[in-house]
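# Structural characterization, general
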Amino acid sequence: MKLLFRQRFFSWFDSYDIYDEQGRVVFTVEGQLAWGHCLHVLDGLGTHVGTVRERVLTLLPKFELYLGETYVGCIEKEFSLFHPRFEIDCNGWRIDGDFMEWDYAITDSGGREVARISKELFHLTDTYVIDVADGQDVLCALMVVLAIDAEKCSRN
């Protein structure tokens, strides 16, 4: 399943629309003014389905993930010099990025690819394509992309 992740143009806070292959909005993301990034994920009907919340005052960036209101784990950037890496403590996924931080691969503990994330260039706002192998992993893969994008924004 492929999703197109696009930041809204002229949004004051982090706001995104996520489209399916037919161009339908399947998720929206609303940023909340808070200490650190706090992103609420809504499904196509406007129901809250998840949250990505930055932990502040940490050495390396960390983001807590919530499905609904239930805490499911934390994504943490690892110290690396040339290729960005993230680890998620809830499902054994590993996220490896390329040198330019435009493409990422999410793999499970067995080394199987869960999703591939590619940043599309030449857009006015951040735009990613998320290609997820299993439809059940779509929401978690989306929250990973949100955490990666928020981590990059924290550095700027």
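The structure we're discussing is the one just above.
In this report, the structure presented in the accompanying data block is examined. On a predicted model such as this, the values are computed, not experimentally measured, just so you know.

So, how was this worked out
Note that residues are indexed from 1 along each chain, following the sequence as it is written. Residues qualify for local features only when their pLDDT is at least 70, as the model is predicted, and side-chain atom pairs are given and counted only at 80 or more; totals for whole chains, interfaces and linings, by contrast, use all residues. Neither water nor hydrogens contribute to the side-chain values; these are computed over all heavy atoms in the structure. Secondary structure elements follow DSSP: runs of H or I of four or more residues count as helices, runs of E of two or more count as strands, with numbering from the N terminus. With a 1.4 Å probe rolled over the protein chains alone, any residue whose accessible area is under 20% of its type maximum counts as buried; one over 50% counts as exposed, and the rest are partly exposed. We call two residues contacting when some pair of their heavy atoms lies within 4.5 Å. The Shrake-Rupley method, run with a 1.4 Å probe sphere, supplies the accessible areas, and residue values consider only the shown protein chains as cover. Strand pairing follows a simple DSSP-based rule, namely that at least 2 bridges must link the two strands. Note on definitions: angles span 0 to 180 degrees between N-to-C directions of axes, and those axes are lines fitted to C-alpha atoms, for helices only across the stretch in contact. Two N or O atoms count as a polar contact when they lie within 3.5 Å, although within protein this holds only if one can serve as hydrogen donor and the other as acceptor, and sequence-adjacent residues are included solely when both atoms are side-chain atoms. Take the buried Ala, Val, Leu, Ile, Met, Phe, Trp, Tyr and Cys residues and link them wherever side-chain atoms come within 4.5 Å; each set so joined is a nonpolar core. Pairing of aromatic side chains requires ring centres within 6.5 Å, counting the rings of Phe and Tyr and the six-membered ring of Trp. Pairs whose planes differ by under 30 degrees are stacked, by over 60 edge-to-face, and all others tilted.

## Quick word on the overall build of the chain
For the chain, the helix and strand inventory stands at 1 helix and 12 strands. Tracing the chain from N to C terminus, the helices and strands come up as β-β-β-β-β-β-β-β-β-β-β-β-α. Burial status across the chain gives 42% buried among its 156 residues. Contacts spanning at least 24 positions in sequence make up 26% of the contacts within the chain whose residues lie at least 6 apart. Only carbon and sulfur atoms are counted for the fraction: they give 56% of the accessible area of the chain, which is about 8,600 Å².

## Considerations on the sheet that holds strand β4 (residues 38–43)
Strand order in the closed barrel formed by 12 strands is β1-β2-β3-β4-β5-β6-β7-β8-β9-β10-β11-β12, and the pairing between neighbours is antiparallel. If you compare each strand with its neighbour and ignore which way they point, the axes differ by 20° on average. As paired elements, strand β11 (residues 113–119) and strand β12 (residues 127–132) share 5 bridges and run antiparallel to each other. Bridged to R116 within β12 is D131.

## Points about the side chain of S15
Relative to the helices and strands, S15 is located in strand β2 (residues 15–19). If we skip the residues at most four places from it in the chain, S15 touches R6, Q7, R8, V29, E30 and G31.

## Some details on the environment of R55
Tracing the backbone through its elements, the reader meets R55 in strand β5 (residues 48–55). Taking the relative accessible area as the measure of exposure, R55 reaches 29% and is therefore partly exposed. Apart from the residues lying within four places of it in its own chain, the contact partners of R55 are K62, E64, Y71 and C74. A distance of 3.0 Å separates a polar atom in the side chain of R55 from a polar atom in the side chain of E64.

## Quick look at the nonpolar core
Counting residues in each nonpolar core, the largest one holds 35 residues, and the members touching the most others are F5, I75, I95, I106, I130 and L146. With 11 residues, helix α1 (residues 138–155) is the single largest residue contributor to this core. In contact with I95, not counting residues within four places along its chain, are I75, P84, R85, F86, I88, Y104, A105, I106, V144 and I148.

## Things to note about the packing of aromatic side chains
On inspection of all chains with the given rule, the structure shows 4 aromatic pairs. Their ring planes at 70° and their centres at 5.6 Å tell us that Y66 and Y71 sit as a pair that is edge-to-face. According to the relative accessible area criterion, Y71 is partly exposed, its value standing at 38%. These aromatic residues form a ring-pair network of at least three members: F5, Y16 and Y128.

## Concerning the environment of Y19
On the secondary structure map, Y19 appears in strand β2. Between the C-alpha atoms of Y19 and R6, which are 13 residues apart in sequence, the distance is 8.2 Å.

## Observations regarding the pairing of β12
Across 5 bridges, the pairing between strand β1 (residues 2–7) and β12 is antiparallel. Bridging from a neighbouring strand, L4 pairs with V129 of β12.

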